[in-house]
Amino acid sequence: MEQVEMLTMDELRLREQAHELRSIDKQELMTNFAFESRMVQGADEKGNYVVKKPSDIVNYTKIRKKITGEIAEDEAKVSHLKELSERAKKAREEAIRELKKGGN
């Protein structure tokens, strides 16, 4: 009888990520082949290529980051920076209002 390998949830998730990343690598390779073949098609009326680089078709770096969870970290950083920017903007506006009150 066959033995079944038991995996922890972390091992299973890691294998799933590896599978997804291999799949993305294959898709990226096909995109790059398509990009190379653009020499015969894909130009606008002025003769300029519509697609200038492979990432104009698909952003594989973003897909990889989403699979590995890095994109959530990046989005959290952006959200935090936006919040800090809004707080700074409100503080500036409040300071300007206080200066105007004192100047009148």
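Analysis parameters
- Residues numbered from 1 in each chain as written.
- Predicted model: local features only at pLDDT ≥ 70, side-chain atom pairs only at ≥ 80, totals over all residues.
- Heavy atoms only, no water.
- Helix = DSSP H or I, 4+ residues; strand = E, 2+ residues; numbered from the N terminus.
- Rg over C-alpha atoms; globule rule 2.2 N^0.38 Å.
- Buried < 20%, exposed > 50% of the residue type's maximum accessible area, 1.4 Å probe, protein only.
- Contact = heavy atoms within 4.5 Å.
- Areas by Shrake-Rupley, 256 points an atom, 1.4 Å probe, with all protein chains shown as cover.
- Lys, Arg positive; Asp, Glu negative; His and termini not counted.
- Charge placed at Lys NZ, Arg CZ, Asp CG, Glu CD.
- Patch = residues over 30% accessible without salt bridge, like charges linked within 9 Å, V, L, I, M, F, W, Y side chains within 5 Å.
- Salt bridge = Lys/Arg side-chain N within 4 Å of Asp/Glu carboxyl O.
- Expected span 1.5 Å × (residues − 1).

A. Expanded view of the overall build of the chain. A tally of helices and strands in the chain yields three helices and zero strands. Starting at the N terminus and ending at the C terminus, the chain contains elements arranged as α-α-α. Radius of gyration (C-alpha) of the chain: 25 Å, far over the 13 Å computed for a compact globule of 104 residues. Across the 104 residues that make up the chain, the buried fraction comes to 8%. Considering only residue pairs separated by 6 or more positions, the chain has 40% of its internal contacts joining residues 24 or more positions apart. Accessible surface computed for the chain: about 9,300 Å², of which carbon and sulfur atoms make up 56%. Counting 21 positive and 21 negative side-chain charges, the chain places the centres of these two groups 8 Å from one another.

B. Representation of a nonpolar patch on the surface within the structure. A contiguous nonpolar surface patch, about 270 Å² in accessible area, is contributed by L7, M9 and L12. Mapped onto the fold, L12 is located in helix 1 (residues 9–36).

C. Quick peek at the pattern of salt bridges. If you walk through the whole model with that rule in mind, you get six salt bridges. A salt bridge links R97 to E94; the nearest nitrogen and oxygen atoms lie 2.8 Å apart. Of the two residues, R97 and E94 are both situated in helix 3 (residues 70–103); the distance of three residues between them amounts to about one turn of the helix. Looking at R97, the relative accessible area reads 43%, which means it is partly exposed. Salt-bridge contacts for K101 lead to E98; the nearest nitrogen and oxygen are separated by 3.8 Å. Taken together, the positions of K101 and E98, both in helix 3 and three residues apart, correspond to about one turn of that helix. In this structure K101 comes out as exposed when scored by relative accessible area, which is 59%. Residue class for E98 comes out partly exposed when judged on its relative accessible area of 41%.

D. Representation of helix 1. Taking 1.5 Å of rise per residue, the 28 residues of helix 1 would be expected to cover 40 Å, and the 40 Å separating its terminal C-alpha atoms lies within 8% of that figure. Where helix 1 is concerned, the buried positions are Q17, I24, T31 and F35. Summarising the contacts, the buried residues of helix 1 are in contact with helix 2 (60–68).

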